[in-house]
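# Results of the structural survey
So the chains spell out like this:
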Amino acid sequence: MLGASLYAGAVAGGYVVALDHGPAVEEGSGSLAGIARKHGRVFGTAVGPLIETSPDYGRLVTAECGVVVPEYELKWRHVAPTPATYDFAAVDRRLAFAESNGLGFRGHTLVWHEALPRWFDEIVGTDNAAACLTAHIRTVVGRYAGRIHSWDVVNEAVDPAEPDGLRRTPWRRLIGPDYVRLAYETAAAADPRAKLVYNDYGLVVSATDAKRDATLRLLERLLARGVPVHALGLQCHLQVGTRLDEARVRRFCADIAGLGLEIMVTELDVADRRAPADIDARDGAVAEVYRTFLGCLLEQPATSTVLTWGLSDIHSWLQTYQPRADGLPCRVLPYDQRLRRKPAWNAIAGALAL
Ligand code: G3I
């Protein structure tokens, strides 16, 4: 176990943490939700079965967050086991957790080309795709109407390589480009109170503006037609080693805000597979990415909400989908596997306090 070394996080509020992998020692530290709230923002995280199987983790989420989102259980594949039946049991439990602990609840996601039901290809075709899409949205959004902080209505629809800027998803293929308008208008009719978000990745880390420009054009087209889109969700699945082009990101955020849209950081995490094995060095490198990227995004007043994609290294999709070559467990989130704060926590706290 390495000796203690103070990581003077130089973050607002003078948080200081001991880096001996022991319990963090913050002076005057609050919670990420409390710091966010103090600056007119909301902080949260993605949740799953762990909040039930680990009461300590559930308590930590409640203490640190103001909003939660199901990591996968609200996706079409997981709520619609057959074309004729829905199973909302897991989502109902996640929403009950949120409501009983005074947390907001995000819906993720209604229209995506992944996590489609296993029966999708055999049932859905050009003749019924629009009806299937609207029936799904009405069923799911209608069930939770009035109880949802915001919905990721359409997820990852942009492809700058396509002439119309839209990824050739089953929805684009079966319905045509108008599926996006149809999705948002159906969701707005089913829950007029929910904030409706367009969610995507590769908008902050990309070295070129191609996807940013295509996304901006899509949002401009939708808004010009009066389509009810209220916010852009920036997933922000970042990496150690990714260079931040602050000028490009600032300009993009200003353009989005200029459309009258809110900006939400929806799935923030920092993959550490390119970081050193040494834990102090790795934690510091991960924290630096959180600090610089989140700091840049939160300079924009339209950035209202920040959610990480998990709160503790006990569970991250990155452990499965982007594992380290050396096989060491990933250290990508604000808390370690023993629910102790890491430098990433301080970096996020500092950015939220800007
Ligand atoms: O653990 C359950 C198992 O109990 C169940 O029987 C089985 C039924 O299929 O599912 C298992 O869950 C898996 C889940 O991850 C466990 O975490 C799902 O199979 C698997 O599909 C799911 O993958 C999720 C993936 O989206 C696809 O939905 C990841 O958790 C989730 O982190 C990832 O999140 C996506 C966002 O939705 C969109 N942005 C990118 C992000 C990362 O890929």
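Okay, so let's go over this structure. Please read all numbers here as calculations on a predicted model, not as lab measurements.

In terms of helices and strands, the protein carries 14 helices and 11 strands. Rg of the C-alpha trace for the protein: 20 Å, near the compact-globule value of 20 Å for 354 residues, within the 12% margin. Principal axes of the C-alpha set define a box for the protein whose edges measure 65 × 45 × 40 Å. Counting only residues that meet the buried cut, the protein has 57% of its 354 residues in that class. For the protein, the proportion of contacts with a sequence separation of at least 24, taken over those separated by at least 6, is 75%. Of the roughly 13,800 Å² that the protein leaves accessible, carbon and sulfur atoms contribute 53%. For the protein, the separation between the mean place of its 39 positive charges and that of its 42 negative charges on side chains is 2 Å.

This part covers the site of the ligand. Contacts to the ligand come from 17 residues, most closely from Glu71, Lys75, His108, Glu267 and Trp309. Residue Glu267 places a side-chain N or O atom 2.7 Å away from a nitrogen atom belonging to the ligand. Relative to its free-state accessible area of 770 Å², the ligand is covered by the protein chains to the extent of 63%.

Of all 10 residues making up helix α14 (residues 343-352), 10 are buried, and the element is well covered by its neighbours. Among the residues of α14, those classed as buried are Pro343, Ala344, Trp345, Asn346, Ala347, Ile348, Ala349, Gly350, Ala351 and Leu352.

As a further point, take helix α11 (residues 246-258). Over its 13 residues, α11 runs 18 Å from end to end, which matches the ideal 18 Å to within 8%, given 1.5 Å per residue. Taken residue by residue, α11 has Val249, Phe252, Cys253 and Ile256 as its buried positions. When α11 is viewed along its axis, its buried side chains cluster within an angular range of 95° and face the same direction. Taken together, the buried residues of α11 touch α10 (210-224), β8 (231-234), β10 (262-271) and α12 (279-298). At the C-terminal side of α11, Gly260 shows a positive phi close to 85°.

For any pair of aromatic rings, the description rests on two quantities: the centre-to-centre distance and the angle between the ring planes. Summed over the entire model, instances satisfying the criterion amount to 7 aromatic pairs. Centroid distance Phe88 to Tyr144: 5.8 Å. Interplanar angle 85°. Geometry classified as edge-to-face. Linking Phe88 in the loop between α4 (76-79) and α5 (89-100) with Tyr144 in the loop between α7 (129-143) and β6 (150-155), this pair joins segments that are 56 residues apart in sequence. Seen in terms of ring centroids, Trp317 and Tyr321 are 5.8 Å apart; in terms of plane orientation they differ by 45°. Their pairing is tilted. Here Trp317 pairs with Tyr321, and both are found in helix α13 (residues 317-321), just 4 residues apart, close to one helical turn. Owing to a relative accessible area of 61%, Tyr321 belongs among the exposed residues under this scheme. Three or more aromatic residues link up through ring pairs in this structure, and these residues are Trp76, Trp119, Phe120 and Trp171. Here Arg341 stacks its cationic end above the ring of Trp345, 3.6 Å away from the centre of that ring.

Next up on the list: unusual backbone geometry. Here the amide bond leading from His108 into Thr109 is cis, since omega sits at -10°, within 30 degrees of zero. In this fold, Thr109 is placed in strand β5 (residues 104-111). With phi around 60°, Leu339 is a residue other than glycine that occupies positive phi space. As for its position among the elements, Leu339 is in the loop between α13 and α14. The class for Leu339 is partly exposed, based on a relative accessible area of 23%.

Our focus in this paragraph is the nonpolar core. One finds Val61, Trp151, Val154 and Tyr198 to be the most contacted residues of the largest nonpolar core, which totals 111 residues. Ranked by the residues each element gives to this core, the list is headed by α12, at 9 residues. With near-sequence residues (within four places) excluded, Val154 lies in contact with Thr109, Val111, Tyr179, Val180, Ala183, Tyr184, Val197, Tyr198 and Asn199.

Here the focus is the pattern of salt bridges. When the charged atoms of two side chains lie near each other, side chains of opposite charge can form a pair. This structure, assessed with the given rule, holds 28 salt bridges. Between Asp164 and Arg172 there is a salt bridge, with its nearest N and O atoms 2.7 Å apart. Its relative accessible area of 22% is what places Asp164 among the partly exposed residues. A salt bridge links Asp245 to Arg248; the shortest N-O distance between them is 3.3 Å. Residues joined by salt bridges that share partners form a network here, namely Asp209, Arg212, Asp245, Arg248 and Arg251.

Here we take up the environment of Ser206. Along the chain, Ser206 falls in the loop between β7 (195-200) and α10. By relative accessible area, which is 19% here, Ser206 ends up buried. Between the C-alpha atoms of Ser206 and Ala302, which are 96 residues apart in sequence, the distance is 21 Å. A distance of 2.7 Å separates a polar side-chain atom of Ser206 from the backbone oxygen of Thr208.

Both faces of β8 are covered, namely the face carrying Ala231 and Gly233 and the face carrying Leu232 and Leu234. Where β7 lies against β8, 4 bridges are found, and the strand directions are parallel. Bridged to Tyr198 within β8 is Leu232. Of the pairings in the sheet, the one linking β8 to β10 comprises 4 bridges and is parallel in character. Among the inter-strand pairings, Ala231 is bridged to a residue of β10, identified as Glu262.

The rules behind each value
- Residues numbered from 1 in each chain as written.
- Predicted model: local features only at pLDDT ≥ 70, side-chain atom pairs only at ≥ 80, totals over all residues.
- Heavy atoms only, no water.
- Helix = DSSP H or I, 4+ residues; strand = E, 2+ residues; numbered from the N terminus.
- Rg over C-alpha atoms; globule rule 2.2 N^0.38 Å.
- Buried < 20%, exposed > 50% of the residue type's maximum accessible area, 1.4 Å probe, protein only.
- Contact = heavy atoms within 4.5 Å.
- Areas by Shrake-Rupley, 256 points an atom, 1.4 Å probe, with all protein chains shown as cover.
- Lys, Arg positive; Asp, Glu negative; His and termini not counted.
- Charge placed at Lys NZ, Arg CZ, Asp CG, Glu CD.
- Near = heavy atom within 4 Å.
- Polar contact = N/O pair within 3.5 Å; in protein donor to acceptor, adjacent residues only side chain to side chain.
- Expected span 1.5 Å × (residues − 1).
- Arc of directions from axis to C-beta.
- Phe/Tyr/Trp six-rings, centres within 6.5 Å; stacked < 30°, edge-to-face > 60°.
- Lys NZ or Arg CZ within 6 Å of the ring centre and 35° of its normal.
- Core = buried A, V, L, I, M, F, W, Y, C linked by side-chain atoms within 4.5 Å.
- Salt bridge = Lys/Arg side-chain N within 4 Å of Asp/Glu carboxyl O.
- Pairing = 2+ DSSP bridges.

By themselves these figures say nothing about function.
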